[in-house]
Amino acid sequence: MQVRLFPNAALKTRAEPVTTEDIRGEWFRPLISEMFKTMYRDGGVGLAAPQVGISKRLLVLNDGGRLMHGSRAMVLINPEIIYIEGTQIDEEGCLSLPGIFLPIERTNKIGVRYIDTTGNICNIEADGFLSRIIQHEVDHLDGILFFERASKEVLDYYSKNLDGLKKRVDQMRFRDAYIKRRKSEIQARARKAKLKAKRKKRNGNNG
Ligand code: ZN
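Read on for a plain summary of the structure. Model, not experiment: these values are computed from the prediction. (Residues numbered from 1 in each chain as written. Predicted model: local features only at pLDDT ≥ 70, side-chain atom pairs only at ≥ 80, totals over all residues. Heavy atoms only, no water.)

### Things to note about the side chain of H140
Here H140 lies in helix α3 (residues 128–141). In this structure the side chain of H140 is engaged in a polar contact, spanning 3.2 Å, whose partner is the side chain of H136. Every residue in contact with H140, bar those within four places of it in the chain, is listed here: T13, A48, P50, Q51, C94 and L145. (Helix = DSSP H or I, 4+ residues; strand = E, 2+ residues; numbered from the N terminus. Polar contact = N/O pair within 3.5 Å; in protein donor to acceptor, adjacent residues only side chain to side chain. Contact = heavy atoms within 4.5 Å.)

So this is what it looks like as structure tokens:
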């Protein structure tokens, strides 16, 4: 699974609610496990379905990354922030804007109502980092990217304008395309070598 990079249109679209039918769908659980895999592979702590091109109100998170003790892996379906309290400022990044970190002011404490993978309605309270992750991912479901939450001063200081961010992401995309091309070259060579070996073996048997 590839994470869509800014300025991909999937990141700017408001996602559709997950239906009961979706939850019962054969594709639903595999999608969640693929999303976790992708998030861990890319070193993220949260991933929203629109980031992998699925326009559904679904997100996965683990506030400690995969390996940290006491971290929580969670799946939030149709999450709604139902109350907010206080503020916090911390540096924030996004798998869809690799390499860019900006200080972002967020609400500190939040109450969230969501549906879990068995279809039950749940309520949780979160603060600090976990609260920040949920707010960032819920924003993705609404087509909002984290730099849009940055103050004008922060944006001016860090990037002058959004073209700076776009250029950075284009460089990343160029690198990814290069790795992909190299991979397929190596695979093609391996296939050819295998075929050659097979042919050799067959000829050997004949002779
Ligand atoms: Zn993000």
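Having seen the model, we can carry on.
### What about the pairing of strand β2 (residues 58–62)?
Most of β2 is tucked away: five of the five residues are buried. The two faces of β2 match: L58, V60 and N62 on one face and L59 and L61 on the other face are all buried. The pairing of strand β1 (residues 46–48) with β2 spans three bridges and is classified as antiparallel. Bridge pairing in β2 links G46 to L61. (Buried < 20%, exposed > 50% of the residue type's maximum accessible area, 1.4 Å probe, protein only. Pairing = 2+ DSSP bridges.)

### Thoughts on the coordination of the zinc ion
Bound to the zinc ion on the protein side are C94 (SG), H136 (NE2) and H140 (NE2), at distances that span 2.0 to 2.2 Å. Going along the chain, you hit the donors of the zinc ion in the pattern C-x41-H-x3-H. Residue H136 and its partner H140 are located together in helix α3, separated by four residues, close to a single helical turn. Both residues of the pair, H136 and H140, belong to the buried class. (Donors = N, O, S within 2.8 Å, 3.2 Å for Na, K, Ca; no water.)

### Side note on the pattern of salt bridges
Applying the stated rule across the entire model yields 11 salt bridges. Taking the shortest distance from any N to any O, the salt bridge between R14 and D142 comes out at 2.6 Å. Highlighted residues: R14 in the segment before α1 (20–24) and D142 in the loop between α3 and α4 (152–159), separated in sequence by 128 residues. Here D142 falls in the partly exposed class, since its relative accessible area comes to 27%. The residue E34 makes a salt bridge to K37 at a minimum N-O spacing of 3.2 Å. Linking E34 with K37, this pair stays in helix α2 (residues 28–41), spanning three residues, or about one helical turn. The network of salt bridges with common partners includes E92, R106, R132, D139 and R149. (Salt bridge = Lys/Arg side-chain N within 4 Å of Asp/Glu carboxyl O.)

### Concerning unusual backbone geometry
Glycine aside, residues mostly have negative phi angles, and peptide bonds mostly take the trans form. Note the cis peptide between F6 and P7, where omega equals 10 degrees. Following the sequence through the fold, P7 ends up in the segment before α1. The phi torsion at N78 lies on the positive side, around 45 degrees, for a residue other than glycine.

### Brief notes about the packing of aromatic side chains
Where two aromatic rings form a pair, the distance of their centres and the angle of their planes describe that pair. Applying the stated criterion to the full structure yields three aromatic pairs. Considering the side-chain rings of F6 and F147, the 5.2 Å spacing of their centres and the 80 degrees angle between planes classify their relative orientation as edge-to-face. Placement of F6 in the segment before α1 and of F147 in the loop between α3 and α4 is noted, with a sequence separation of 141 residues between them. The class of F147 is buried, set by a relative accessible area of 5%. Taking 5.9 Å as the distance between ring centres and 25 degrees as the angle between the ring planes, the aromatic pair formed by F36 and Y40 counts as stacked. Of this pair, F36 and Y40 both sit in helix α2, four residues apart, roughly one helical turn. Accessibility classification places F36 together with Y40 in one group, the buried group. (Phe/Tyr/Trp six-rings, centres within 6.5 Å; stacked < 30°, edge-to-face > 60°.)

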